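# An overview of the molecular structure
Here is what each chain is made of, one letter per residue.
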Amino acid sequence: MTGIDRYGVKESAVARDEIDVLIEDLRLTGYTTLEAGLTGEQLDTLSRDFDAAEVKYAEQATTAGYDLSALGERDTIRVLPKFAPAFMDLVFHERLAQLLSRMLGGYYILNQVNGLINRANKSKYGQASYHRDLPYQHFVSSRPLALSALFALDDFTAENGATRVIPASHHREDFPSDETVGRRQVQVTVPRGTFIILDCMLYHAGSTNHTDCNRRGANHVFTIPMLRQQLHLPSVLSEFPGLSADQKKILGFGLDEYRSVDAWLGARA
């Protein structure tokens, strides 16, 4: 077996399989991509479900008396699987789960799962500013605390606002200078049906959609269990059918904060 020529190297990584290769990408640059392996027909079905979920979500908000545009929520569908149950399969995608388990340890939870819409014709996009998915934090960690998995429901192209990243910025505490961002930022273009996976401390942003069609995605943030969920998913998804014990664990069931010592002991009894 041939390998890459090297000299003076006493230690090197060994990749057992494709997942290990993607993990090396994540550790070095802070991002990678993973094909979900879905058929065109499956993706078409998810697209229809997404569009129907957008309508349901807006109707529910209106009925409750909320103006999504005024709240800056017009382009987001919070807890997407509640409105489009088929998207729960992406939460538990087998190859994604392998990567998450190796990166975050055997016990990780879903922090958030939201539908994101980058609207057509240069509309203002809420995710267009550089940010971390653990915002307002300026530290680095020897191991990742959280990973994002943005599923491309449409092709992500330079024209329709594909995600921009600053490679390796998860290794530094501060935000790079404008000059460095201009020199180092790259746009991650992928075909539909692909996960764009980011270390949550990597600085990234959406881009302006210059096309006539919305660009849609389903964003998942997975964290170590000690980080609080964006919404309390066990409450929102308490009636979701057919969840196994392991799936409920990933969704954060059983991680409630106890209000008394008696409650703590009773839960363990």
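Above this text is the structure in question.
These remarks concern the structure in this document. From a predicted model like this one, the values you see are computed outputs, not experimental measurements. (Residues numbered from 1 in each chain as written. Predicted model: local features only at pLDDT ≥ 70, side-chain atom pairs only at ≥ 80, totals over all residues. Heavy atoms only, no water.)

## Describing the overall build of the chain
Counting its secondary structure elements, the chain contains 9 helices and 9 strands. Here the C-alpha atoms of the chain give a radius of gyration of 20 Å, agreeing with the 18 Å that 2.2 N^0.38 yields for 269 residues. Over its C-alpha atoms, taken along the principal directions, the chain stretches across nearly 65 × 55 × 40 Å. Put simply, the chain has 269 residues, and 42% of those count as buried. Long-range pairs, those at least 24 residues apart, make up 84% of the contacts in the chain with a sequence separation of at least 6. With an accessible surface of roughly 15,100 Å², the chain has 50% of that area assigned to carbon and sulfur atoms. Charged side chains of the chain number 28 positive and 34 negative; the gap between the two group centres comes to 3 Å. (Helix = DSSP H or I, 4+ residues; strand = E, 2+ residues; numbered from the N terminus. Rg over C-alpha atoms; globule rule 2.2 N^0.38 Å. Buried < 20%, exposed > 50% of the residue type's maximum accessible area, 1.4 Å probe, protein only. Contact = heavy atoms within 4.5 Å. Areas by Shrake-Rupley, 256 points an atom, 1.4 Å probe, with all protein chains shown as cover. Lys, Arg positive; Asp, Glu negative; His and termini not counted. Charge placed at Lys NZ, Arg CZ, Asp CG, Glu CD.)

## With respect to unusual backbone geometry
For Asn121, which is not a glycine, the phi torsion comes out positive at approximately 60°. Note on placement: Asn121 falls in the loop between strand S3 (109-118) and strand S4 (146-152). Look at Tyr136: it is not a glycine, yet its phi comes out positive at around 70°. Relative to the assigned elements, Tyr136 resides in the loop between S3 and S4.

## Quick look at the packing of helix H1 (residues 18-29) against helix H5 (residues 94-104)
One way to put it is that H1 packs onto H5 with a least axis distance of 10 Å and a crossing angle of 55°. As summarised for this structure, H1 and H5 are arranged oblique, according to the angle between their axes. Handedness of the H1/H5 crossing: right-handed. Contact with H1, carried on its side by Glu18, Ile19, Asp20, Leu22, Ile23, Leu26 and Arg27, involves Arg95, Gln98, Leu99, Arg102 and Met103 of H5 and no other residues of that element. Here the residues of the contact of H1 with H5 sort into 6 nonpolar, 1 polar and 5 charged. (Axes fitted to C-alpha atoms, helices over the stretch in contact; angles between N-to-C directions. Parallel < 35°, antiparallel > 145°, perpendicular 65-115°, else oblique. Left-handed = near helix turned anticlockwise from the far one by under 90°. Nonpolar A, V, L, I, M, F, W, Y, C, P; charged D, E, K, R; others polar.)

## What about the packing of aromatic side chains?
Scanning the model with the defined rule gives 7 aromatic pairs in all. Judged by centre distance (5.8 Å) and plane angle (85°), the ring pair of Tyr108 and Phe222 falls under edge-to-face. Taken as a pair, Tyr108 in the loop between H5 and S3 and Phe222 in strand S9 (residues 215-223) lie far apart in primary sequence, 114 residues in all. A relative accessible area of 6% means that Tyr108 is categorised as buried. Classification of Phe222 by relative accessible area gives buried; the value is 0%. Ring plane angle 90° and centroid distance 4.8 Å describe the contact between Phe175 and Tyr203, whose orientation is recorded as edge-to-face. Of the two residues, Phe175 sits in the loop between strand S5 (164-165) and helix H6 (178-184) while Tyr203 sits in the loop between strand S7 (194-199) and strand S8 (204-205), which places them 28 residues apart along the sequence. (Phe/Tyr/Trp six-rings, centres within 6.5 Å; stacked < 30°, edge-to-face > 60°.)

## Some words on the pattern of salt bridges
All told, the structure shown has 12 salt bridges when counted by the stated rule. A salt bridge links Arg102 to Asp20; the shortest N-O distance between them is 2.8 Å. You can see Arg102 sitting in helix H5 and its partner Asp20 sitting in helix H1, a full 82 residues away along the chain. Connected through salt bridges with shared partners, the residues Arg16, Asp17, Asp20 and Arg102 form a single ionic network. (Salt bridge = Lys/Arg side-chain N within 4 Å of Asp/Glu carboxyl O.)

## Quick look at the sheet that holds S5
Reading across from one edge, S6-S5-S8 is the order of the 3 strands in this open sheet, with antiparallel pairing throughout. On the outer flanks of this sheet lie strand S6 (186-187) and S8, each paired with one strand and no other. Pairing of S5 with S6, which is carried by 2 bridges, proceeds in the antiparallel orientation. The residue bridging Arg164 from the neighbouring strand is Gln187, located in S6. (Pairing = 2+ DSSP bridges.)

## Side note on the sheet that holds S9
The strand order across the open sheet formed by 6 strands is S1-S7-S4-S9-S3-S2, and the pairing between neighbours is antiparallel. Since the sheet does not close on itself, it has two edges, and those belong to strand S1 (31-35) and strand S2 (76-78), each with one partner. For this sheet, the mean inter-axis angle between neighbouring strands, taken without regard to orientation, is 25°. The pairing of S4 with S7 spans 5 bridges and is classified as antiparallel. In the strand pairing of S7, Leu150 is matched with Ile196. Packed onto the sheet, H1 meets S1 and S7 and runs at close to 155° relative to S1. Taken strand by strand, H5 contacts S1, S4, S7 and S9, and its axis lies near 165° from that of S4.

None of the figures reported here should be taken as evidence of function without further support.
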